[in-house]
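This is what each chain is made of:
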Amino acid sequence: MFDVTRFAKAADSIIEAGHFLYQRGWSPATSSNYSARLDEHHIAITVSGRHKGKLHPGDVMVVDLSGHPVQSDCRASAETPLHTVLYELFPEVGAVLHTHSVKATVLSRLLSAGQSLILEGYELQKAFSGVETHDATLTIPVFNNTQDINGLAQKTKQWFASHQGQPGYLIRGHGLYTWGETMEDCLRHVEAFEFLFECELEAMRVRP
Ligand SMILES: CSCCC(=O)C(=O)COP(=O)(O)O
Ligand SMILES: [Zn+2]
């Protein structure tokens with residue numbers, strides 16, 4: 001069983017995140033999904049197909065880390081396994097955000113198969129938790145898009161098990177996944193990624 005007060009707080013943080021991300025144009029229409037940890041075994045996550053700029057408490061539900069709904073008849077996000085593997089892998093993770101911005105989508109399509117996005121030399125990298133210097137190299141893998149979400153979840157789990165310090169990944173032509181200890185950390189990570197994606201796209205334009 002989960003703590004109802006915790007769920008209410010988690011749902012509020014998810015709704016607020018949705019309003020912010022929609023306003024910024026990073027979660028258009030029914031795209032994207034968001035989650036927050038309730039305890040060792042449960043997360044709050046968005047119901048599938050809901051408009052992320054108009055979220056209300058009925059658009060957030062509880063699943064266990066196997067992805068099974070808990071006290072809900074709703075269908076959890078189709079991408080739930082991409083969230084649960086992160087909570088399983090990293091006990092310190094408290095929130096996961098998936099967004100569909102134009103910049104993440106375009107940039108992911110410009111990188112070739114198997115190529116990671118390498119971020120280095122940017123002062124703003126320090127916006128990621130645990131990054132202390134612009135000298136750090138961040139490796140952001142790009143996974144091919146697929147409708148086999150369980151298969152993709154296993155691929156991400158395998159990659160991040162051996163690259164624990166990296167703050168997110170792209171799915172080609174689809175969007176960004178990032179996470180943090182708190183929803184505030186996670187939102188800061190989305191914002192940092194968006195700035196860095198814009199820099200990378202601008203650099204490609206100036207020096208193709
Ligand atoms: C309309 S976007 C297609 C589905 C998607 O990529 C997404 O992020 C939203 O899926 P969900 O099941 O979480 O609503
Ligand atoms: Zn998506």
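Residues numbered from 1 in each chain as written. Chains lettered and ligands numbered in written order. Predicted model: local features only at pLDDT ≥ 70, side-chain atom pairs only at ≥ 80, totals over all residues.

Trainee: Would you mind showing me how to read the sheet that holds strand β2 (residues 42-46) here?
Mentor: Think of a sheet as strands paired side by side through backbone hydrogen bonds, with each pair either parallel or antiparallel. Read from one edge of the open sheet, eight strands run β4-β3-β2-β1-β5-β10-β9-β8, paired in mixed fashion. Lying at the two open borders of the sheet, with one neighbouring strand each, are β4 (69-70) and β8 (142-143). Here strand β3 (residues 60-64) pairs with β4 via two bridges, running antiparallel. Within β4, the residue paired with V63 across the bridge is P69. Contacts from helix α1 (residues 4-23) reach β1 (33-37), β2, β3 and β5 (95-99), with the element oriented near 150° to β1. (Pairing = 2+ DSSP bridges. Helix = DSSP H or I, 4+ residues; strand = E, 2+ residues; numbered from the N terminus. Contact = placed C-beta atoms within 7 Å. Axes fitted to C-alpha atoms, helices over the stretch in contact; angles between N-to-C directions.)

Trainee: What is the right way to look at the site of ligand 1 in this model?
Mentor: T30, S31, S32, N33, T46, S48, G49, S77, A78, E79 and H98 make up every residue found near ligand 1. Residue classes in the shell around ligand 1 are distributed as one nonpolar, nine polar and one charged. (Near = placed C-beta within 6 Å. Nonpolar A, V, L, I, M, F, W, Y, C, P; charged D, E, K, R; others polar.)

Trainee: Help me understand the packing of α1 against helix α5 (residues 183-206) in this model?
Mentor: A pair of packed helices is characterised by two quantities: the angle between their axes and the separation of those axes. At a minimum axis separation of 11 Å, α1 and α5 run at an interaxial angle of 15°. Taken together, the axes of α1 and α5 lie roughly parallel to each other. Taken as a pair, α1 and α5 cross one another with a handedness that is right-handed. In this structure, α1 contributes S13, A17, F20 and L21 to the contact, and α5 contributes M183, L187 and V190. (Parallel < 35°, antiparallel > 145°, perpendicular 65-115°, else oblique. Left-handed = near helix turned anticlockwise from the far one by under 90°.)

Trainee: Looking at this structure, I do not really get the UniProt feature "binding site: Zn(2+)" (unreviewed entry) in the protein chain. What am I missing?
Mentor: Mapped onto this numbering, the UniProt entry annotates "binding site: Zn(2+)" (unreviewed entry) at H98 and H100. The residue H98 is located in strand β5 in this model. Take H98: there are 25 C-beta atoms within 10 Å of it, and that puts it in the buried class. In this structure, H98 is in contact with S32, N33, E79, L82, G175, L176 and Y177, ignoring residues within four places of it in sequence. Note that H100 resides in the loop between β5 and α3 (102-110). Those residues in contact with H100, other than ones at most four positions away along the chain, are S27, P28, S31, S32, T105 and G175. (UniProt positions renumbered as here; feature names shortened; annotations may be inferred. Buried ≥ 20, exposed ≤ 12 C-beta atoms within 10 Å, placed from the backbone.)

Trainee: Any chance you could explain the environment of F2 here in plain terms?
Mentor: Relative to the elements of secondary structure, F2 occurs in the segment before α1. Residue classification places F2 among the partly exposed residues on the basis of 17 C-beta atoms within 10 Å. Setting aside its immediate chain neighbours within four residues, F2 contacts F7, L38, D39, H42, V62 and V70.

Trainee: Explanation requested: the UniProt feature "domain: Class II aldolase/adducin N-terminal" (unreviewed entry) in the protein chain in the structure shown.
Mentor: Here, the residues flagged by UniProt with the feature "domain: Class II aldolase/adducin N-terminal" (unreviewed entry) are residues 12-201. The annotated region residues 12-201 carries 33% helix and 22% strand content, and the separation between its end C-alpha atoms amounts to 34 Å.

Trainee: Hey, could you run me through the environment of T139 in this one?
Mentor: Looking at the secondary structure, you find T139 in strand β7 (residues 137-140). Measuring from C-alpha to C-alpha, the distance between T139 and G114 comes to 12 Å, with 25 residues separating the pair along the chain. In this structure, T139 is in contact with S116, I118, H163 and Q166, ignoring residues within four places of it in sequence.

Trainee: Is there a simple way to think about the packing of helix α2 (residues 80-89) against helix α4 (residues 149-161) in this case?
Mentor: Running from N to C, α2 and α4 cross one another at 30°; their axes reach a closest spacing of 8 Å. By the angle between their directions, the pair α2 and α4 is classed as roughly parallel. Crossing of α2 over α4 shows right-handed handedness. Packed against α2, whose contacting residues are P81, L82, V85 and L89, the element α4 presents I149, N150, L152, A153, T156, K157, F160 and A161 at the interface. For the contact of α2 with α4, a count of residues per class yields nine nonpolar, two polar and one charged.

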